[in-house]
Amino acid sequence: MKQLIIIPALLFLSFHQTREIQTAPPTGNRPKNIILMIGDGMGLTQITAGMYSNGNKLQLEKFPVTGLIKTYSARQLITDSGAGATAFACGCKTYNGAIGVCKNGKSAPTILEQAEQQGLATGLVATSSITHATPASFIAHVPDRADMQAIAAYFLQTDIDLFIGGGRKYFAERTVDKRNLVDELSAKGFEVTDYSTKKLQDITPSGSSPFAWFSASEEPAGVNEGRDYLPVAARMAPVFLKKRSEKGFFLMIEGSQIDWACHANNAPNTVREMLDFDAAIGEALRFAEADGETLIVVTADHETGGMALEQSRSPDTLDMTFQTKLHTATLVPVFAYGPGAEQFGGVYENTDIYRKMYDLFGFPVQEEEKKVGKNKKGRRFE
Ligand code: MG
Ligand code: ZN
């Protein structure tokens, strides 16, 4: 399927001019706060298509450090989002479909749970259901990503301070038990609202109680259907979490639907989702620039679609094409900004994202030789 990306001829003139976007690498080597931003399915081509479609500019260009990660999972060269996010959350390579468990099937503590243990505030934001593989891997421990109701129950087992995403029905319309987890969240002190009551932009959570906003009963709409809460959430969440703990915070923000647009081989929606995610990155950057103690790491769990930009018939347009409807094995980029950003340059494993965040937070050295030694031996390529 061929879909055109139009690059106005004027744009070429600006290629050699001074860019409007300035790079201002902040100093200091240890962050108090870490915002991990995951563009699901966001490879270099998705980024490039977004950039050219946006007048040759992205917020991502403000990041002074870039790296590349190897995304394969424990049993497959091509990962899914469960294994991909578990690598970031727990530091172990695992099998596709796993959520917060390593390849031996055992639960591993997540960076979010460890941040809570250390007294930090924590949050999850996604444009999928909040129980979907990527956010789920930071809070739940289940052998199968499809078990959304089991994943939802984990939100009651932690002290997470904020979550924003779809999937209300996995909390409120449960077939596996009679619990209503929305009521339980309220009883636990959460300020819980949802899309049917208020838009996220009309809410200013005080910070005195934990906060949850459900953006949909199941999966949220795409940007093409009017979804607009991701940049709002990216602006709100860091300010909120900063109020929740003096010790700092860990926040994961996912642009979930870049992946879905690529699975559908829908180039215009890929660009829309990419630019929505980039707008969210801009909001997080604004916070980090003012705060000075916040590290932002932007990466992807894998590339989706084998997307390419090919020469079109006209010299100022490109064809956006896809090789597959599935994920691919290509390396994906990492962008880092803020204290500790320099740690994220180079080519390394996706599991190192966890390790770098853990070390930069200055969390206690883990006794069990845990993932570090085992992972390396555990690499398999069958
Ligand atoms: Mg995802
Ligand atoms: Zn996918």
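In the block above lies the structure referred to throughout.
Residues numbered from 1 in each chain as written. Chains lettered and ligands numbered in written order. Predicted model: local features only at pLDDT ≥ 70, side-chain atom pairs only at ≥ 80, totals over all residues. Heavy atoms only, no water.

Draft legend 1. Examining the overall build of the chain more closely. Scanning the chain for helices and strands turns up 13 helices and 15 strands. Here the chain holds 382 residues, and 60% of them are scored as buried. Long-range pairs, those at least 24 residues apart, make up 74% of the contacts in the chain with a sequence separation of at least 6. Element-wise, carbon and sulfur atoms account for 50% of the exposed surface of the chain, whose accessible area totals about 15400 Å². (Helix = DSSP H or I, 4+ residues; strand = E, 2+ residues; numbered from the N terminus. Buried < 20%, exposed > 50% of the residue type's maximum accessible area, 1.4 Å probe, protein only. Contact = heavy atoms within 4.5 Å. Areas by Shrake-Rupley, 256 points an atom, 1.4 Å probe, with all protein chains shown as cover.)

Draft legend 2. Representation of helix H9 (residues 229-244). The terminal C-alpha atoms of H9 lie 22 Å apart, and with 16 residues this matches the ideal 22 Å at 1.5 Å per residue to within 8%. All buried positions along H9 are accounted for by Tyr229, Leu230, Pro231, Val232, Ala233, Ala234, Met236, Ala237, Pro238, Phe240 and Leu241. In the core, the buried residues of H9 are packed alongside strand S2 (33-39), strand S4 (121-129), strand S5 (162-166), strand S7 (211-214), strand S8 (249-255) and helix H11 (267-291). (Expected span 1.5 Å × (residues − 1).)

Draft legend 3. Broad picture of the packing of helix H2 (residues 44-53) against H11. Where H2 contacts H11, the two axes come as close as 9 Å, and the packing angle between them is 85 degrees. For the element pair H2 / H11, the angle class is roughly perpendicular. Facing Gln46, Ile47, Ala49, Gly50 and Ser53 of H2, the residues of H11 in contact are Thr270, Val271, Met274 and Leu275. Split into classes, the residues belonging to the contact of H2 with H11 amount to five nonpolar, four polar and no charged. (Axes fitted to C-alpha atoms, helices over the stretch in contact; angles between N-to-C directions. Parallel < 35°, antiparallel > 145°, perpendicular 65-115°, else oblique. Nonpolar A, V, L, I, M, F, W, Y, C, P; charged D, E, K, R; others polar.)

Draft legend 4. View of the nonpolar core. In this structure, Phe138, Phe163, Phe171, Phe250 and Phe344 are the most contacted members of the largest nonpolar core, which totals 111 residues. Considering each element in turn, this core owes the most residues, 10 residues, to H11. Apart from the residues within four sequence positions on either side, Phe250 is in contact with Ile34, Leu36, Ile111, Leu112, Ala115, Ala121, Thr122, Gly123, Phe138, Leu241, Met357 and Phe361. (Core = buried A, V, L, I, M, F, W, Y, C linked by side-chain atoms within 4.5 Å.)

Draft legend 5. Looking closely at the coordination of the zinc ion (ligand 2). Here the zinc ion (ligand 2) is held by Asp259 (OD), Asp259 (OD), His263 (NE2) and His327 (NE2), and the distances to it run 2.0 to 2.3 Å. Coordination at the zinc ion (ligand 2) comes from four donor atoms whose angles at the metal span 59 to 154 degrees, giving a geometry best classed as irregular. One chain supplies every donor to the zinc ion (ligand 2), and in sequence these donors are spaced D-x3-H-x63-H. Of the two residues, His263 is situated in helix H10 (residues 257-263) and His327 in strand S13 (residues 327-328); the sequence distance between them amounts to 64 residues. (Donors = N, O, S within 2.8 Å, 3.2 Å for Na, K, Ca; no water. Tetrahedral: all angles 85-135°; square planar, octahedral: opposite > 155°, others 65-115°.)

Draft legend 6. Structural context of the pairing of strand S12 (residues 317-321). Most of S12 sits inside the fold, with five of its five residues counted as buried. Because side chains alternate across S12, one face comprises the buried residues Thr317, Asp319 and Thr321, and the other comprises Leu318 and Met320, equally buried. In the sheet, strand S11 (residues 308-311) pairs with S12 via four bridges, with the strands oriented antiparallel. In the sheet register, Glu310 faces S12, and the bridge partner there is Asp319. With antiparallel pairing between neighbouring strands as the criterion, S11 and S12 make up a hairpin whose turn holds five residues. (Pairing = 2+ DSSP bridges.)

Draft legend 7. The pattern of salt bridges, seen in detail. Applying the stated rule across the entire model yields 14 salt bridges. Across the pair Arg179 and Glu184 runs a salt bridge whose closest N-O atoms are separated by 2.8 Å. The class of Arg179 is partly exposed, set by a relative accessible area of 33%. Residues joined by salt bridges that share partners form a network here, namely Arg227, Glu273 and Asp276. (Salt bridge = Lys/Arg side-chain N within 4 Å of Asp/Glu carboxyl O.)

Draft legend 8. Highlighting the sheet that holds S4. Across the sheet, which stays open at both edges, the 10 strands sit in the order S6-S7-S5-S4-S8-S2-S9-S14-S3-S15 with mixed pairing between neighbours. The open sheet has two free edges, formed respectively by strand S6 (191-194) and strand S15 (346-349), since each of these has just one partner strand. On average, adjacent strands in this sheet sit at an angle of 15 degrees to one another, irrespective of strand direction. Pairing analysis gives four bridges linking strand S3 (residues 65-70) to S15, with the strands arranged parallel. Note that in S15 the partner of Ile69 across the bridge is Tyr348.

Draft legend 9. Structural detail: the state of the cysteines. Across all of its chains, the model carries one disulfide by this definition. The disulfide partner of Cys92 is Cys102, and the gap between their sulfur atoms is 2.1 Å. Judged by the torsion about the S-S bond (-95 degrees), the Cys92/Cys102 disulfide is left-handed. Of this pair, Cys92 sits in the loop between helix H3 (81-90) and helix H4 (111-117) while Cys102 sits in the loop between H3 and H4, and the two are 10 residues apart along the sequence. Of the residues examined, Cys102 reaches a relative accessible area of 11% and is grouped as buried. The closest cysteine sulfur to the non-disulfide-bonded Cys90 is located on Cys92, 5.2 Å from its own sulfur. On the basis of relative accessibility, which here comes to 0%, the residue Cys90 falls in the buried class. (Disulfide = S-S within 2.5 Å.)

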